[in-house]
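What the coordinates show
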Amino acid sequence: MAAAMEAKGFEHMGLDGRLLRAVAELGWAVPTAIQAQAIPLALEGRDLLARARTGSGKTGAYGLPLLHKLLGVKEASPAVPQAVRALVLVPSAELARQVCHTLRRLAAFCSRQLRVAELCGHSDIADQRPVLMEQPDVVVGTPGRVLAHVAGHSLTLRPWLEVLVLDEADLLLSFGCGDDIRALLCHLPKIYQAMLVSATLNPELEALQELVLHNPVQVLPPEPRLPGVSQLQQLQVRCGTEEDKFLLLAALLKLRLLRGRALLFVGSLPRAFRLKLFLEQFGIPACTLNPQLPARSRCHVIAQFNRGLYDYIVATDEEGTAETPRQGTARKGGKKSVPRKGDKRKGQSPRCPQDPEFGVSRGIDFQNVAAVINFDVPNSVETYIHRVGRTARGDNPGTALTLALPQEMEALRHIEDALPGENGQSLLQPYEFKMEEIETLRYRCRDAMRSVTKQAVREARLRELRQELLNCEKLKVYFEDNPRDLQALRHDRPLHPANVQPHLGHVPEYLVPPSLRGIANPNPKKRKGPRGAGRGGKKPRGSGNPLQSFRFTRCGNKA
Ligand code: AMP
């Protein structure tokens with residue numbers, strides 16, 4: 001949690017006493033940076049354009065003044081009709097739930113006066129109508145679902161709406177909600193207070209800002225780019241050869257030394273497929289987030305990951321996508337990508353038509369990611385920060401592990417220099433391990449790598465595109481009527497163009513490093529439910545460092 005930037009406490013902001021009680025009940029002793037700046041301005045009735053990431057206390061920053069205003073309206077003239085007076089638009093059902101929960105807790109001591117309702121696509125539209133008939137004071141929902149209710153006349157926003165919030169505005173756009181938002185604006189009254197909150201304020205947002213905000217004041221609190229060491233552990237490991245990288249990853253995942261779900265970042269799309277196919281050889285399901293696929297398919301992958309259907313996503317932040325001049329602050333700031341000595345991956349990735357809005361490591365909200373593994377060292381500090389920022393979200397702990405080859409050391413050093421730790425030490429602590437302890441797995445690793453030929457990678461890419469095309473056709477005609485079947489379309493099915501060798505999936509006890517026998521579980525029984533069920537939706541709170549069980553690790557005094 002970001003420390004408060006100003007000494008002014010909640011009690012000096014002029015907030016309603018019932019809200020202050022709730023704040024105290026929540027244990028919020030002092031406002032966070034965004035709250036200290038935004039609340040007084042919002043209480044003055046100003047429109048806000050705020051930059052704030054998840055975990056910064058942004059919900060309170062707009063929620064407290066919003067609730068305060070509604071209490072004021074109701075108490076100023078008790079005869080005022082009951083109506084929806086505040087609308088909070090969020091990009092996902094998960095976020096709607098979270099925001100709704102926080103607002104209800106903030107309104108706990110005025111719950112008779114203020115009711116908060118959640119509208120998102122997870123529940124049936126018909127089931128939501130009775131809730132709306134009661135005219136809740138605040139509606140939190142996704143733009144599509146809110147628009148559906150407005151179009152169906154079960155929700156009216158004119159003329160009573162007082163406050164509009166666009167939360168995670170950059171995500172709203174990258175999730176393709178722009179048209180729905182524009183359509184909704186036609187149903188709002190002429191005058192209302194608007195607050196737009198976004199983790200990044202990029203040029204794509206400008207059109208939306210102009211439509212929604214009137215003479216806004218900007219709230220840009222200084223924020224650390226990444227959480228501190230108590231929340232985010234950053235590690236790096238030097239691998240002598242490419243094979244060592246694959247071997248280490250196979251050991252981490254196959255021996256279940258890495259606990260929890262992980263994002264695996266690589267430098268190019270063919271490499272993403274190579275890694276997926278390699279893991280497939282070991283019977284480890286993973287999916288790729290392919291920028292060549294349509295946004296809808298990618299959102300489906302993300303939604304399924306967030307629901308705990310699978311544990312690993314292999315992602316890439318290709319040049320020209322994640323670092324488009326419009327998005328890449330590194331470029332805007334004139335900083336260049338870090339050169340790699342003898343970078344063989346150069347030119348390996350064919351230029352393929354990609355969605356310019358795609359940027360896995362930016363903006364997209366992967367939930368409950370215990371670890372980010374930079375299988376390839378990112379090519380700029382900016383990219384490193386965005387990749388690593390996918391873990392340790394909110395107040396969850398997280399670990400980032402970067403695997404570096406000798407030719408990637410320059411890029412790694414550049415990142416280390418830009419992110420100094422305490423006492424001049426690097427933030428990225430060495431993750432030392434005894435490679436010889438996993439030598440037993442090397443033959444299998446070599447076997448698996450050999451099976452994943454260039455041809456296999458090409459075929460896998462084509463096959464995925466073909467599969468997706470088929471799905472799209474089916475989607476059009478069939479899934480509209482059968483939305484549940486859409487969930488049946490899984491994105492981590494083996495692609496199988498590489499010759500899968502079933503024996504590689506099973507690791508016999510004699511291949512498990514001696515120090516891990518009886519601890520590591522390389523061949524767990526097949527789960528019946530979705531992977532991660534029962535924990536997918538929950539925070540990995542208390543799980544601590546997911547790499548702790550790396551028993552053969554010798555991290556000196558640092559572990
Ligand atoms: P948010 O960025 O709104 O998702 O908030 C992230 C977390 O910070 C939530 O668990 C909030 O309960 C918590 N939080 C928000 N404001 C404060 C505060 N002033 N002091 C301590 N915790 C807070």
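Presented here is an overview of the structure given in this document. Predicted, not measured: the structure shown is a model, and the values here were computed from it. (Residues numbered from 1 in each chain as written. Predicted model: local features only at pLDDT ≥ 70, side-chain atom pairs only at ≥ 80, totals over all residues. Heavy atoms only, no water.)

1. With respect to the overall build of the protein
Definition in use: Only DSSP runs of H or I with at least four residues qualify as helices, and only runs of E with at least two residues qualify as strands; both kinds are numbered from the N terminus onward. Buried residues are those whose accessible area, probed at 1.4 Å on protein chains only, stays under 20% of the maximum for their type, while exposed residues exceed 50% and partly exposed ones sit between those limits. Contacts are assigned to residue pairs that have any heavy atoms within 4.5 Å of one another. Only the protein chains shown count as covering a residue, and every accessible area follows the Shrake-Rupley method with a 1.4 Å probe.
A count of helices and strands for the protein gives 19 helices and 14 strands. In the protein, buried positions account for 55% of the 559 residues. For the protein, long-range pairs separated by at least 24 residues make up 81% of all intrachain contacts whose partners lie at least 6 apart in sequence. Counting every atom, the protein has about 24,700 Å² of accessible surface; 53% of that belongs to carbon and sulfur.

2. Some details on the environment of F10
Looking at the element boundaries, F10 is found in the segment before α1 (17-25). Dropping the residues within four chain positions of it, F10 is found in contact with L15, L20, V23, W28, A29, V30, P31, Q35, I39 and L64.

3. Re helix α6 (residues 143-151)
Of all the residues in α6, the buried ones are P143, R145, V146, L147, H149 and V150. On the buried face of α6, the contacting elements are β2 (86-89), β3 (116-119), α5 (125-133), β4 (138-141), α7 (169-174) and α8 (178-185). Positioned one or two residues after α6, H153 has a phi angle of 65°, which is positive.

4. Some details on the pairing of strand β13 (residues 398-404)
What counts here: When DSSP finds two or more bridges between two strands, those strands count as paired.
Taking burial as the measure, the 7 residues of β13 include 7 buried ones, the bulk of the element. Residues G398, A400, T402 and A404 of β13 are buried on one face, and the alternating residues T399, L401 and L403, pointing to the opposite face, are buried as well. Direction of pairing for strand β8 (residues 232-238) relative to β13: parallel, over a ladder of 7 bridges. Bridge pairing links Q233 to T399 in β13.

5. Examining the side chain of K74
With respect to the secondary-structure elements, K74 resides in helix α3 (residues 58-76). With near-sequence residues (within four places) excluded, K74 lies in contact with V80, Q82, Q113, L114 and D137.

6. Points about the pattern of salt bridges
The criterion, for reference: Whenever Lys or Arg places a side-chain nitrogen within 4 Å of a carboxyl oxygen from Asp or Glu, that contact is recorded as a salt bridge.
Applying the stated criterion across every chain, the model contains 19 salt bridges. With a shortest N-O distance of 3.5 Å, K58 and E168 are connected by a salt bridge. Of the two residues, K58 sits in helix α3 while E168 sits in the loop between β5 (163-166) and α7, which places them 110 residues apart along the sequence. A salt bridge links R442 to E439; the shortest N-O distance between them is 2.8 Å.

7. A short note on the pairing of β5
With burial as the criterion, each face of β5 is covered, one bearing V163 and V165 and the other bearing L164 and L166. As judged from the 4 bridges shared by β2 and β5, these two strands associate in the parallel manner. Looking across to β5, one finds that V88 is bridged to V165.

8. Describing the sheet that holds β2
What holds strands together in a sheet is hydrogen bonding between their backbones, with the strands either parallel or antiparallel. Selection criterion: All axes are obtained by fitting lines to C-alpha atoms, using only the stretch in contact for helices, and the reported angles, taken between N-to-C directions, cover 0 to 180 degrees.
Pairing in this open sheet of 7 strands is parallel, and the strands run β3-β4-β2-β5-β6-β1-β7 from one edge to the other. The strands lining the two open edges of the sheet, one partner per strand, are β3 and β7 (217-219). Taking each pair of neighbouring strands and ignoring which way they run, the sheet shows an average axis angle of 15°. Relative to strand β6 (residues 193-198), strand β1 (residues 48-51) is paired through 4 bridges, and the arrangement is parallel. Bridged to L48 within β6 is M195.

9. Some remarks on the nonpolar core
One recurring pattern in soluble globular proteins is that nonpolar side chains are buried together. Applied cut-off: We call a set of buried residues a nonpolar core when its members are Ala, Val, Leu, Ile, Met, Phe, Trp, Tyr or Cys and they connect through side-chain atoms within 4.5 Å of each other. Domain start and stop points were drawn from an automatic or database domain assignment.
The biggest cluster of nonpolar side chains holds 50 residues, and the ones touching the most others in it are L252, L253, L264, L275, F278 and L279. Element by element, the count of residues in this core is highest for helix α10 (residues 242-254), at 8 residues. Here this core spans two domains, and each of domain 2 (232-322 + 355-452 + 498-555) and domain 3 (456-494) adds at least three residues to it. Setting aside chain neighbours within four positions, we find L253 in contact with L258, L264, L279, I284 and Y312. Counting residues in hydrophobic clusters, the runner-up holds 42 residues, among them A52, C120, V138 and V163.

10. Topic: the packing of α6 against α8
We count it as follows: In this scheme the crossing of two helices becomes right-handed for a clockwise turn of the near helix relative to the far one and left-handed for an anticlockwise turn of less than a right angle. When residue character is reported, Ala, Val, Leu, Ile, Met, Phe, Trp, Tyr, Cys and Pro are called nonpolar, Asp, Glu, Lys and Arg charged, and the others, Gly included, polar.
Contact geometry for α6 and α8: axes closest at 9 Å, N-to-C directions at 35°. The two elements α6 and α8 meet at a crossing, and its hand is left-handed. Only D180, I181, A183 and L184 of α8 make contact with α6, whose side of the interface consists of P143, G144, V146, L147 and V150. Each residue belonging to the contact of α6 with α8 can be placed in one class, and the counts come to 7 nonpolar, 1 polar and 1 charged.

11. Overview of unusual backbone geometry
With omega at 10°, the peptide bond leading from R158 into P159 counts as cis. Along the chain, P159 falls in the loop between α6 and β5. At E168, a residue that is not glycine, the phi angle is positive and equals roughly 50°. Judged by relative accessible area, which is 4%, E168 ranks as buried. Although it is not a glycine, R256 adopts a positive phi angle of roughly 55°. Looking at the element boundaries, R256 is found in the loop between α10 and β9 (261-266).

12. Quick word on the sheet that holds strand β10 (residues 287-288)
With respect to topology, 7 strands assemble into an open sheet ordered β10-β11-β9-β12-β13-β8-β14, the strand pairing being parallel. The open sheet has two edge strands, β10 and β14 (429-430), and neither has a second partner. Summarising the sheet, β8 and β14 pair through 2 bridges and their orientation is parallel. Each bridged residue has a counterpart across the sheet, and for Q236 the counterpart in β14 is P430. Docked against the sheet, helix α14 (residues 381-388) engages β8, β9, β12 (369-374) and β13, running at close to 155° with respect to β12.

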